[in-house]
Amino acid sequence: SFSILLFTMLIVFPSTFVGSAIFAYNEHKIFVGFLTIGVLSNAILNYLLIPHFGINGAAIATIVAQLLANGLAFIKMKKINDFKIFYHLPKLLISTSIMGLFVWGLNFFGVNLIVNIILGTILYFACLYLLKESLLQKDQIYDILHR
């Protein structure tokens, strides 16, 4: 059941930003409605799944309820402000993978943790720069800071 519940991190982490954005646009009433739908669906799914699957049924019910509630919040936020998530993702994943391998290698050879963090950070941003990630352009940073 714990292995199943680990998937909640993939749901909860991004939904924190979406929820905060909905609150920032003063749409908190609709967000509470989505949470209510999530709670009710979790209760109903627990009632249906626990007798057949036990604790794993409860874990599955939790995942489905979170997907439902956070999916509705995501759809609402897309209507409020049409943001894009996958546009920058490939370059970020490439940079993260390269940095992760590099940091793992430094750790394997016993490099000091602080040095490892500093070198990993430099490599990550260097990769983004070499991949010409638009988030690092001066006008993009200015726009983000002055919204």
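Values in this document were obtained by computation on a predicted structure and should not be read as measured data. (Residues numbered from 1 in each chain as written. Predicted model: local features only at pLDDT ≥ 70, side-chain atom pairs only at ≥ 80, totals over all residues. Heavy atoms only, no water.)

So, about the nonpolar core. Listed in full, the six residues of the largest apolar core are Val18, Ile22, Phe31, Phe34, Ala73 and Met77. For this core, the secondary-structure elements that each account for two or more residues are helix H2 (8–24), helix H3 (28–53) and helix H4 (55–80). (Core = buried A, V, L, I, M, F, W, Y, C linked by side-chain atoms within 4.5 Å. Buried < 20%, exposed > 50% of the residue type's maximum accessible area, 1.4 Å probe, protein only. Helix = DSSP H or I, 4+ residues; strand = E, 2+ residues; numbered from the N terminus.)

This part covers the pattern of salt bridges. In the structure shown here, the tally under the stated rule is one salt bridge. Among the ionic pairs, Asp82 bridges to Lys78, the shortest N-O distance being 2.9 Å. Since its relative accessible area comes to 52%, Asp82 is described here as exposed. Since its relative accessible area comes to 29%, Lys78 is described here as partly exposed. (Salt bridge = Lys/Arg side-chain N within 4 Å of Asp/Glu carboxyl O.)

According to the stated counting rule, one finds five aromatic pairs in the structure shown. Ring centres 5.3 Å apart and planes at 90° place the aromatic pair Phe13 and Phe17 in the edge-to-face group. Here Phe13 pairs with Phe17, and both are found in helix H2, just four residues apart, close to one helical turn. Comparing Phe13 with Phe17, the two get one shared label, exposed. The interplanar angle of 85° and the centroid separation of 5.3 Å between the aromatic rings of Phe108 and Phe109 together place this pair among those described as edge-to-face. Ring-pair connections join several aromatic residues into one group, and the members of that group are Trp104, Phe108 and Phe109. (Phe/Tyr/Trp six-rings, centres within 6.5 Å; stacked < 30°, edge-to-face > 60°.)

When you line up the elements, Asn70 lands in helix H4. When its relative accessible area of 17% is taken as the criterion, Asn70 is described as buried. Setting aside its immediate chain neighbours within four residues, Asn70 contacts Ile11 and Ser15. (Contact = heavy atoms within 4.5 Å.)

It is at 9 Å that the axes of helix H5 (residues 89–108) and helix H6 (residues 113–130) come closest, and there the two elements cross at 155°. Between H5 and H6, the crossing angle belongs to the class labelled roughly antiparallel. The element H5 and its partner H6 pack so that their crossing is right-handed. Between H5, through Lys91, Leu92, Ser95, Thr96, Ile98, Met99, Phe102, Val103, Leu106 and Asn107, and H6, the contact on the second element is made entirely by Asn116, Leu119, Gly120, Leu123, Tyr124, Cys127 and Leu128. (Axes fitted to C-alpha atoms, helices over the stretch in contact; angles between N-to-C directions. Parallel < 35°, antiparallel > 145°, perpendicular 65-115°, else oblique. Left-handed = near helix turned anticlockwise from the far one by under 90°.)

Turning our attention to a nonpolar patch on the surface. Together, Phe102, Leu113, Ile114, Val115, Ile117, Ile118, Leu119 and Ile122 line one region of the surface with nonpolar side chains, adding up to about 730 Å² of accessible area. In terms of residue count, the dominant contributor to the nonpolar patch is H6 (seven residues). With respect to the element layout, Ile117 can be found in helix H6. (Patch = residues over 30% accessible without salt bridge, like charges linked within 9 Å, V, L, I, M, F, W, Y side chains within 5 Å. Areas by Shrake-Rupley, 256 points an atom, 1.4 Å probe, with all protein chains shown as cover.)

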